[in-house]
Amino acid sequence: MLSREVMGVACLGVVWVTALLVAGAAWQDLRDLLAVLARARRAVVGVAETDLAEWSVEQIGRALDVGKSARAIGFHDRAFRSEIFGGSVRVGESLVSVAPSTHGEVWIDEARRLEAVSGGADFDAAYAQARKAKGFQRVVRVRVQAGDRVWLVGDDLVSTLDPAAFCRRKALGLALFIPLELAACAAATRLALTLPHFGTASIAGAVACLAFFLGVTPLAVSLREGARRPHEAFLRNQWRAEIGPSRAGASPTRREKSLSQRKTSTSVL
Amino acid sequence: MYFVPRCRNVAFLAAACAFSFLSAVVGHNTLHQGMFASKRANLAFRYVLSFGGLFPISAVIPSHNLVHHHFDDDGQPDWAAPSHVRFEWNLLNLLHFPNVAGPLTFNGVQRWARVAGRADFRRQYTRELVFAFGLTGVLLYFDFWTALFFVVVPQLWGARWFLRINIIQHDGCDTSSEWNHSRNFVGRLFNWFMMNNGYHTIHHNRAGMHWTELADAHAREVTPRIDPTLDEPSMLGYLARTYLLRYSRPDTRNANEHEDAAQRAARRAEAEADAVT
């Protein structure tokens, strides 16, 4: 006979093993970010003298069901590419040369990435393609151009954002997640063990443990995806057009509307 | 176990866990090839299977049939790729795998389902979700602890081991290879219980083949071509050897290194011809 006590302890054991595994995996991501941060602290900051690098993402857009008041294309990021052309960066009075590389990382700040995906094509034509089986295919490119402020980390990372600040911000999120996640598990466990065992408060604790078990892993995965380095961070953007007499035409979503024009180049294949 | 207290013992719990896992295996088979002639009966059966694993079984269509069978989400990794976990102690990879593959799968299914023209899928998926969680919720309401221990635990066991099968059958394999992308478990007793799902290479290469034909097809098409070490006689032996008796993760083999495109095309044509006859 399996008593409630035996099953309860076994279930709490499973919940705790899961909590520790999730914490361990988050620690791996944190450790990777800290390694990049250690390098990024030695970054050289300057102004590109030439077109220095390019980041691109190959996307496929498919028509989405978003109701009758709008049409939308949802984009799937198929492949990210970073290419460092090589060139020179002015740092104060001196010039730092950058070697070409196809294996490096090109980090573009989010504002530029969003701006790059926000236009460049006729929505109706794109939507017609997006409704077909092959979808609407395009390559979004953002080039690090002459005059741009850049951070150089070693010879394999060119960035238009402060890489150390990026790593610190993401590392902080992961570093907070680990103790908070374990604390949430401890709180749910404490509630589940409330006397009398298997009473009403204990049931609430068991529900909390089950909710934790089912909810912590999506949260951890979402945090992990959010901490992807910018050269391979998902865009998964939408392009939306309202349907209506006064609002015909396409409009970009998210923060795209508010972005001012910057020196980027976008091409749509 | 829910209704008869005397059944609340280790043997019945183990059986419930096994049946939950098998309900997901049946779900996998029926979503490749429906069990019933009636479409309505197939859709209705999915509710039962969804309750068995506490997840909408229709999720298998995008996650398994459309993504996993290609080892690729249109340029991005399979949602259930073994590479999503990376502990040095390999046992932790086996334990942790569902914690990553599960959310990635359901996120991917949500994205896939939003595409225009998939309203029927969304409706069915939602109904399965409501049925599975609704019925489980009702059981929890009437007898919380019994439902938690003897219904929810087996459901989660089945769903999570169903996900773990992905790492067991593909970790260390060369997914770019025509024949060496999967690990097979060829024990006859195992495959009797598992409805021939141990023959995974032939299942990947011929997804529409009925499960009863997989053993013969494996012997005919796969055995002469596959790296023989990928035909494991026993899953329990493999699990013990790979996750309990060693600490580190085995290297990814590159059994495909001597293959070339022309040979692969020739073999594929030969296999196709064999299948027709």
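Residues numbered from 1 in each chain as written. Chains lettered and ligands numbered in written order. Predicted model: local features only at pLDDT ≥ 70, side-chain atom pairs only at ≥ 80, totals over all residues. Heavy atoms only, no water.

Trainee: Please provide a residue-by-residue account of the overall build of chain A, values included.
Mentor: What chain A contains, in helices and strands, is five helices and eleven strands. Taking the contacts inside chain A whose residues are at least 6 apart along the sequence as the reference set, 75% of them involve residues at least 24 apart. Put simply, chain A shows about 12900 Å² of open surface, and 58% of that area lies on carbon and sulfur atoms. (Helix = DSSP H or I, 4+ residues; strand = E, 2+ residues; numbered from the N terminus. Contact = heavy atoms within 4.5 Å. Areas by Shrake-Rupley, 256 points an atom, 1.4 Å probe, with all protein chains shown as cover.)

Trainee: Residues and numbers for the overall build of chain B, please.
Mentor: Helix and strand counts for chain B come out as eleven helices and four strands. If one aligns the C-alpha atoms of chain B with their principal axes, the spans along those axes are about 60 × 50 × 35 Å. Of all 277 residues assigned to chain B, the portion counted as buried reaches 55%. The contacts of chain B with a sequence gap of at least 6 include a subset with a gap of at least 24, amounting to 66%. In the form shown here, chain B has an accessible surface area of approximately 13000 Å², with 63% of it arising from carbon and sulfur atoms. Each charge class in chain B was averaged separately, 26 positive and 24 negative side chains, and the resulting centres sit 10 Å apart. (Buried < 20%, exposed > 50% of the residue type's maximum accessible area, 1.4 Å probe, protein only. Lys, Arg positive; Asp, Glu negative; His and termini not counted. Charge placed at Lys NZ, Arg CZ, Asp CG, Glu CD.)

Trainee: Residue-level account of the state of the cysteines, with values.
Mentor: Across all of its chains, the model carries zero disulfides over all chains by this definition. With no disulfide of its own, Cys 185 of chain A lies 6.3 Å from the sulfur of Cys 209 of chain A, the closest cysteine sulfur. (Disulfide = S-S within 2.5 Å.)

Trainee: An account of the confidence of the model for chain A is needed here, citing residue identities and associated values.
Mentor: On average, chain A scores 89 in pLDDT, and the residues at 70 or more come to 90%. Below a pLDDT of 50 lies the segment residues 254-269 of chain A, which in the model reaches 52 contacts outside its immediate sequence neighbourhood of four places, other chains included. (pLDDT = per-residue confidence, 0-100.)

Trainee: Help me get a handle on helix 5 (residues 119-142) of chain B, residues and values and all.
Mentor: Residues and elements named next belong to chain B. For helix 5, which comprises 24 residues, the first-to-last C-alpha distance of 34 Å matches the rise-based estimate of 34 Å (1.5 Å per residue) to within 8%. Along helix 5, the residues that are buried comprise Phe 121, Gln 124, Tyr 125, Glu 128, Ala 132, Thr 136, Leu 139 and Leu 140. In the core, the buried residues of helix 5 are packed alongside helix 2 (39-53), helix 3 (60-67), helix 4 (90-113) and helix 6 (144-170). (Expected span 1.5 Å × (residues − 1).)

Trainee: Requested: an account of helix 3 (residues 123-130) of chain A, with residues and values cited.
Mentor: Those residues of helix 3 of chain A that fall on the buried side of the exposure criterion are Phe 123, Ala 126, Tyr 127 and Ala 130 of chain A. The buried side chains of helix 3 of chain A occupy one side of the element, clustering within an arc of 100° when seen end-on. (Arc of directions from axis to C-beta.)

Trainee: Lay out the packing of helix 1 (residues 10-32) of chain B against helix 6 of chain B in plain terms, naming residues and giving numbers.
Mentor: All names here are of chain B. Interhelical geometry of helix 1 versus helix 6 gives an angle of 45° and a closest axis separation of 8 Å. Here helix 1 is positioned oblique relative to helix 6, judged by the angle of their axes. With respect to the hand of their crossing, helix 1 and helix 6 are arranged in right-handed fashion. Across from Leu 13, Ala 16, Cys 17, Ser 20, Phe 21, Ala 24, Val 25 and His 28 in helix 1, the residues of helix 6 making contact are Phe 149, Phe 150, Pro 154, Gln 155, Trp 157, Gly 158, Ala 159, Trp 161, Phe 162 and Ile 165. Along the lines of polarity and charge, the residues of the contact of helix 1 with helix 6 split into 14 nonpolar, four polar and no charged. (Axes fitted to C-alpha atoms, helices over the stretch in contact; angles between N-to-C directions. Parallel < 35°, antiparallel > 145°, perpendicular 65-115°, else oblique. Left-handed = near helix turned anticlockwise from the far one by under 90°. Nonpolar A, V, L, I, M, F, W, Y, C, P; charged D, E, K, R; others polar.)

Trainee: Any details on the environment of Lys 134 of chain A? Residues and values, ideally.
Mentor: Residues and elements named next belong to chain A. Along the polypeptide, Lys 134 turns up in the loop between helix 3 and strand 7 (136-144). For the pair formed by Lys 134 and Leu 219, sequence separation is 85 residues and the distance between their alpha carbons is 32 Å. Once you skip the residues sitting within four places of it in the chain, Lys 134 turns out to touch Ile 60 and Arg 62.

Trainee: A description of the side chain of Asn 197 of chain B should follow, citing residues and the corresponding values.
Mentor: All names here are of chain B. Residue position: Asn 197 is located in the loop between helix 7 (188-193) and helix 8 (200-205). Within the structure, Asn 197 has its side chain in polar contact with the side chain of His 28 (distance 3.2 Å). For Asn 197, the contacting residues outside a window of four places in its chain are Val 25, His 28, Asn 29, Gln 169 and Asn 191. (Polar contact = N/O pair within 3.5 Å; in protein donor to acceptor, adjacent residues only side chain to side chain.)

Trainee: Help me get a handle on the pairing of strand 1 (residues 44-48) of chain A, residues and values and all.
Mentor: One ladder, built from four bridges, connects strand 1 of chain A with strand 8 (residues 149-153) of chain A; its direction is antiparallel. Across the sheet, residue Gly 46 of chain A finds its bridge partner in strand 8 of chain A, namely Val 150 of chain A. (Pairing = 2+ DSSP bridges.)

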